[in-house]
Amino acid sequence: MGMTMTQKILAAHTGLDAVEPGQLIEAQVDRILGNDITTPVAIREMEACGACSLFDPEKVVFVLDHFTPNKDIKSAEQCKAVREFAQKHAVEHFYDVGRAGIEHVLLPEQGLVWPGCCVVGADSHTCTYGALGAFSTGVGSTDIAAAMLTGKLWFKVPQAIRVVLTNKPRKWVSGKDVILHLIGKIGVDGARYASLEFTGDGVSALSMDDRFCIANMAIEAGAKNGIFPVDEKTMEYGKDRFRGEPIVYAADPDAAYTETIEMDLSALEPTVAFPHLPENARLARESGDVKLDQAVIGSCTNGRITDLRIAASILKGRKVAPGLRCIVIPGSQEVYLQALREGLAETFVEAGAVFSMPTCGPCLGGHMGVLAKGERAISTTNRNFVGRMGHTESEVYLASPAVAAASAVTGRITDPSALD
């Protein structure tokens, strides 16, 4: 029997000719990622077992992004611990305030992940890099400690679900709408420990930023990873960027899938996930009269330059609704500079929004946009669990940059086509 993309990558990193779903393997990893929340735990685990060195400092990446710039003493101490560890072990790929960005925007940008590589990160949205045709998945901090010491990790080979995308999306429909529609269809556990493998002619109609967004939220369907085929857009994105040698894997014609899901991109509409699960998907135009207190545009899901361009195109010449706070957060320093150069930052500020430095801040209720009791936010982030963005009695509605920007203008959940 043939293998899927994910299975081929895992087989290659295990030194086996083939692997099959459910098989336990020990695979070599090409990249190991930690942030300011998860890395201190990994450091403590390493020190507890008496470890004094990393197997390969070049393969380790630390990004300080969740509570940075530091919001309090505890977060400052966490960052200090990572900073000192990185210096002690000569970790080249250490990204501190001023160099950093949101980790899952930063790593592709810096060329630290590429087609065919195996990536693990102590953050659940590490699955983002599947957009580049890589196997990437989130693991725990103790696993990261083991990977930093040995360069290997144990995996159970996942079964696979094939998602066939056809045609082209209409105006205002983006990768966020694709993944919210899919999660709404299969549920938050519909792909539990499976590989979501995207294919079909519709893939070519999606930008790389769309693909990053879709792969990023594979975990919200319970998936082990999400992965896209490598095409011309992938290689163009990585030109003069990839720091490793791309290896292109394609699923065998007789690869086994537990399910095939077909999605006509031309039939999709702007979508919103209502509280308190990403699977609570509704069409934006059918969301009813939901009054909002805050709009957040950014995060590792939707903080890339195309996301900001879309939001700015809607906010240009308009004003944020009275009584609503609009927070725009670029995903990296590179995105920040590009937004300045293109005049996007000016558009946001003139509309009455605040334009922030790169940070994960509000996504996890950390800082830069925490919600009070009873407040509602529309957000381009990836989770809307109870208390995710602040008070347990607040509400988060997940949406695309287009829907979030349109809603910021009206003060209520709004389909952007209503403003055309």
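Residues numbered from 1 in each chain as written. Predicted model: local features only at pLDDT ≥ 70, side-chain atom pairs only at ≥ 80, totals over all residues. Heavy atoms only, no water.

A. Structural context of the layout of surface pockets. Considered as a void within the structure, the largest pocket measures approximately 270 Å³ in volume. Taken together, 14 residues make up the lining of the largest pocket; nearest its centre are D209, Y237, R241, I305 and E334. For the lining of the largest pocket, the secondary structure elements donating two or more residues are α4 (103-109), α7 (208-216), α10 (305-315) and α11 (333-341). Looking at the lining of the largest pocket residue by residue, the classes come out as six nonpolar, three polar and five charged. (1 Å grid on protein atoms, 1.4 Å probe; cavity = no way out; pocket = protein on both sides within 12 Å on 5 of 7 lines; lining within 4 Å. Points joined across faces, edges and corners; volume = space filled by probe spheres on them. Helix = DSSP H or I, 4+ residues; strand = E, 2+ residues; numbered from the N terminus. Nonpolar A, V, L, I, M, F, W, Y, C, P; charged D, E, K, R; others polar.)

B. Here's a closer look at the sheet that holds strand β4 (residues 93-95). Judged by pairing direction, the sheet is parallel, and its five strands sit side by side in the order β4-β3-β2-β5-β6 without closing on themselves. Looking at strand neighbours, the two that pair on one side only are β4 and β6 (135-138), the edges of this open sheet. Adjacent strand axes in the sheet meet at a mean angle of 15° when their direction is disregarded. For strand β5 (residues 118-121) and β6, the ladder comprises four bridges, and the chain directions are parallel. Residue pairing in the sheet places V119 in a bridge with S136 of β6. In the packing of helix α5 (residues 141-150) onto the sheet, the strands contacted are β2 (31-35), β3 (60-63) and β5, and the crossing angle to β2 comes to about 135°. (Pairing = 2+ DSSP bridges. Axes fitted to C-alpha atoms, helices over the stretch in contact; angles between N-to-C directions. Contact = heavy atoms within 4.5 Å.)

C. Spotlight on the sheet that holds strand β8 (residues 159-166). On the basis of which strands lie adjacent, the open sheet formed by four strands has the order β10-β9-β8-β11 and parallel pairing. Looking along the sheet, the strands with just one partner apiece sit at the ends: β10 (225-227) and β11 (259-264). Across this sheet, the average inter-strand angle for adjacent strands is 20°, counted without regard to direction. Note that β8 and β11 share six bridges and pair parallel. When the bridges of β11 are listed, R162 appears paired with T260. Contacts from helix α1 (residues 5-14) reach β9 (194-199) and β10 within the one sheet, and its direction differs from that of β10 by about 105°.

D. Spotlight on the environment of G22. Tracing the backbone shows G22 in the loop between α1 and β1 (24-28). Every residue in contact with G22, bar those within four places of it in the chain, is listed here: K156 and V157.

E. Representation of the side chain of T414. Topologically, T414 is positioned in the segment after α13 (401-410). A polar side-chain atom of T414 sits 2.7 Å from the main-chain carbonyl oxygen of R412. (Polar contact = N/O pair within 3.5 Å; in protein donor to acceptor, adjacent residues only side chain to side chain.)

F. Region of the structure containing the UniProt feature "binding site: [4Fe-4S] cluster" (unreviewed entry) in the protein chain. Taking the numbering used here, the UniProt-annotated feature "binding site: [4Fe-4S] cluster" (unreviewed entry) corresponds to C300, C360 and C363. For this annotated set, covering 64 residues, all C-alpha atoms fall within 9.2 Å of each other, a compact arrangement in space. Within the fold, C360 resides in the loop between β16 (354-355) and β17 (376-379). In contact with C360, other than residues within four places in its own chain, are D65, H66 and I102. Inspection of the secondary structure puts C363 in the loop between β16 and β17. C363 has contacts with T381, N382, R388 and M389, leaving out every residue within four places of it along the chain. (UniProt positions renumbered as here; feature names shortened; annotations may be inferred.)

G. Expanded view of the environment of P229. Within the fold, P229 resides in the loop between β10 and α8 (232-238). In this structure P229 comes out as partly exposed when scored by relative accessible area, which is 26%. It is 8.8 Å that separates the C-alpha atoms of P229 and G130, two residues lying 99 residues apart in sequence. In this view, P229 contacts M5, F198, V203, R211 and T234; residues no more than four positions away in its chain are not counted. (Buried < 20%, exposed > 50% of the residue type's maximum accessible area, 1.4 Å probe, protein only.)

H. Structural detail: the packing of helix α6 (residues 175-186) against α7. One way to put it is that α6 packs onto α7 with a least axis distance of 8 Å and a crossing angle of 25°. For the element pair α6 / α7, the angle class is roughly parallel. Crossing angle aside, the handedness with which α6 passes α7 is right-handed. Along the contact surface, α6 presents G175, K176, V178 and I179, while α7 presents D210, C213 and I214. Tallied by class, the residues present in the contact of α6 with α7 amount to four nonpolar, one polar and two charged. (Parallel < 35°, antiparallel > 145°, perpendicular 65-115°, else oblique. Left-handed = near helix turned anticlockwise from the far one by under 90°.)

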